[in-house]
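Secondary and tertiary structure notes
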Amino acid sequence: MIDVFLHIPKCGGSTIRSMIMNKFSTNKVVRIYGDQGFGFNFSRENFIKNFSRVKDENDIKAISGHVDSNTFRDNIDEELENFRFFSFLRDPIERGISNINYMRFNINHRSHLKALIINREIYLCI
């Protein structure tokens, strides 16, 4: 059985990912957060292409990443009963505010400028 953490952004997922990494060794966890050139870090597309090979060559215990269960159902040639899916949710309003603040303070985020505009409009309405 492979545990699969479906990481929903701004719902405490970084903490959960760290706990998974602490429970299993780094070479037992596949991470789907973008290709980073080391370990088992994949973009969604490269995860789909490489998962069978990585799983067959290693004793994978967990998967963590920005991916949904449909990725497994539609693309992975493996019975879904071999996976145990879980996720964490957060109040949607708090999640939205947290996401806007995250984008606002991270100038390299693709939506940084949009977050600045939203933030300014909120302050103008107050």
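Described in the following lines is the structure provided in the data block. Quick caveat: nothing in here was measured; it's all calculated off a predicted structure.

The next subject is the pattern of salt bridges. Under the counting rule described, the total for this entry stands at 4 salt bridges. Residues Lys55 and Asp56 are paired through a salt bridge, measuring 3.6 Å at the closest nitrogen-oxygen approach. Relative accessible area serves as the criterion here: at 62%, Asp56 is assigned to the exposed category. One salt bridge connects Asp59 with Lys61, and the closest N-O pair in it is separated by 3.1 Å. A residue is classified by how much of its surface remains accessible, and Asp59, at 42% relative accessible area, is partly exposed.

Our focus in this paragraph is unusual backbone geometry. Although it is not a glycine, Lys10 adopts a positive phi angle of roughly 65°. Note that Lys10 resides in the loop between strand 1 (2-6) and helix 1 (13-23). In this structure Lys10 comes out as partly exposed when scored by relative accessible area, which is 25%.

Definitions and cut-offs
Residues numbered from 1 in each chain as written. Predicted model: local features only at pLDDT ≥ 70, side-chain atom pairs only at ≥ 80, totals over all residues. Heavy atoms only, no water. Salt bridge = Lys/Arg side-chain N within 4 Å of Asp/Glu carboxyl O. Buried < 20%, exposed > 50% of the residue type's maximum accessible area, 1.4 Å probe, protein only. Helix = DSSP H or I, 4+ residues; strand = E, 2+ residues; numbered from the N terminus.

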